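Next come the chains, spelled out residue by residue.
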Amino acid sequence: LTVAGDISSSGDVFADDITATDMVQGGRLSSTGNTTFGNSADDTHTFTGHITASGNISGSASTRIDAQDLFLTRNLNTKLIECTDDLTIDVTGDLTLDVDGDDIFFKDNGTTRFTFNLDTAPSIDVVGSFEIDSSGDITLDAAGDDIFFKDAGSTRFTFNLDSTPEIDVTGD
């Protein structure tokens, strides 16, 4: 069938394969079952407007979502969120980081600055100087009897918090 003008149908049109070279003026394709766009991994598909999926959206290699400088990347070797500008995570409830490994790393330009060690005796490792700057009170609440201040691993001050609090000083 070769037609030079429009084709119209008052019913359905069934075809095993449809090739559309220009669908800029809007159109609707419906399919029962699976639908494939493109025929090559280097094909690019651009949509104007919103895309809504009632099921999963997945990629077979690297999946990238670009939304105003936010990139969510997932491939076989890396799970990564990249942002080329500031990134704010704003939640109205609690924020939970739940990792099966023992560490959470905070990096600055690829250099680890803080490491939260989450093993049986949790600790925070800091690279470089560390300052606590508070506009209010600072509370250290220890369920044990002591709070220790150390210098290079050696205890310098011990605050004993039992029924008769005292401060022990080691060294000069």
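Worth saying up front: this structure is predicted, and the values here are computed from it rather than measured.

Peer 1: Just checking my understanding: could you explain the overall build of the protein for this structure?
Peer 2: A count of helical and extended segments in the protein gives zero helices and nine strands. Going residue by residue from the N terminus, the α and β elements of the protein occur as β-β-β-β-β-β-β-β-β. For the protein, buried positions account for 5% of its 172 residues. For the protein, the share of sequence-separated contacts (at least 6 apart) that also reach a separation of at least 24 residues comes to 0%. As presented, the protein carries roughly 16,500 Å² of accessible surface, and 47% of it is formed by carbon and sulfur atoms.

Peer 1: Help me out: how do you make sense of the pairing of strand S4 (residues 103-108) in this one?
Peer 2: Successive side chains on a regular strand alternate, one facing one side of the sheet and the next facing the other. Of the pairings in the sheet, the one linking S4 to strand S5 (residues 111-117) comprises six bridges and is antiparallel in character. If you follow Asp108 over to S5, its bridge partner there is Thr111. Count of turn residues in the S4/S5 antiparallel hairpin: two residues, of which Asn109 carries a positive phi of about 55 degrees.

Peer 1: Would you take a moment to explain the sheet that holds strand S9 (residues 166-169) for this structure?
Peer 2: Through backbone hydrogen bonds, the strands of a sheet pair up, either in parallel or in antiparallel fashion. Read across the sheet, three strands follow the order S7-S8-S9 without closing on themselves; strand pairing throughout is antiparallel. At either margin of the open sheet sits one strand with a lone partner, and together these are strand S7 (146-151) and S9. When strand polarity is set aside, the average angle formed by the axes of neighbouring strands in this sheet is 15 degrees. Where S7 and strand S8 (residues 154-160) come together, six bridges link them in antiparallel fashion. Across the sheet, residue Asp146 finds its bridge partner in S8, namely Asn160.

Peer 1: Help me understand the environment of Glu166, please; the structure alone is not making it clear to me.
Peer 2: Note that Glu166 resides in strand S9. Owing to a relative accessible area of 41%, Glu166 belongs among the partly exposed residues under this scheme. Taking C-alpha positions, Glu166 is 9.7 Å from Asp146, a pair spaced 20 residues apart along the chain. Residues contacting Glu166, with those up to four places away along its chain left out, are Thr158, Phe159 and Asn160.

Peer 1: Just checking my understanding: could you explain the sheet that holds strand S6 (residues 123-126) for this structure?
Peer 2: Spatial ordering of the open sheet is given by S4-S5-S6, a layout of three strands whose pairing is antiparallel. The strands lining the two open edges of the sheet, one partner per strand, are S4 and S6. With direction set aside, neighbouring strand axes in the sheet form an average angle of 15 degrees.

Peer 1: I would appreciate a short explanation of the packing of aromatic side chains in the present structure.
Peer 2: In this structure the tally under the stated criterion is three aromatic pairs. Considering the side-chain rings of Phe106 and Phe116, the 5.4 Å spacing of their centres and the 80 degrees angle between planes classify their relative orientation as edge-to-face. Residue Phe106 is found in strand S4, and its partner Phe116 is found in strand S5; the two are separated by 10 residues along the sequence. Where Phe114 meets Phe130, the ring centres are 5.8 Å apart and the plane angle is 80 degrees; that geometry is what we call edge-to-face. Of this pair, Phe114 sits in strand S5 while Phe130 is found in the loop between S6 and S7, placing the two residues 16 residues apart along the sequence. Its relative accessible area of 51% is what places Phe130 among the exposed residues.

Peer 1: In this structure, what is going on with unusual backbone geometry? I would like to understand it.
Peer 2: Peptide bonds are trans in most cases, and residues, glycine excluded, mostly fall at negative phi. Although it is not a glycine, Asn109 sits at a positive phi angle of roughly 55 degrees. Among the structural elements, Asn109 can be located in the loop between S4 and S5. Judged by relative accessible area, which is 79%, Asn109 ranks as exposed. Backbone geometry places Ala152, a non-glycine residue, at a positive phi of 55 degrees. With respect to the helices, strands and loops of the structure, Ala152 is situated in the loop between S7 and S8.

Each value, and the rule that gives it
- Within each chain, residues carry numbers counting from 1 in the order of the written sequence.
- Given that this is a predicted model, residues contribute local features only at a pLDDT of at least 70 and side-chain atom pairs are listed and counted only at 80 or more, while totals for whole chains, interfaces and linings are drawn from all residues.
- By convention in this description, side-chain values take in all heavy atoms of the structure and omit both hydrogens and water.
- To qualify as a helix, a DSSP run of H or I must reach at least 4 residues; to qualify as a strand, a run of E must reach at least 2; elements of each kind are numbered from the N terminus.
- The buried label goes to any residue with under 20% of its type's maximum accessible area, the exposed label to any with over 50%, and the partly exposed label to all in between, with areas taken from a 1.4 Å probe on protein chains only.
- Note on contacts: a residue pair is in contact if any heavy atoms of the two residues lie within 4.5 Å.
- Reported accessibility uses the Shrake-Rupley method at a 1.4 Å probe radius. Residues are deemed covered only where the shown protein chains occlude them.
- At least two bridges found by DSSP between two strands is the condition for calling them paired.
- To define axes, lines are fitted to C-alpha atoms, for helices over the stretch in contact only, and angles between the resulting N-to-C directions are given on a 0 to 180 degree scale.
- Paired rings are identified among Phe, Tyr and Trp, the last through its six-membered ring, by centres lying within 6.5 Å, and are further divided according to the angle between planes into stacked (under 30 degrees), edge-to-face (over 60) and tilted (the rest).

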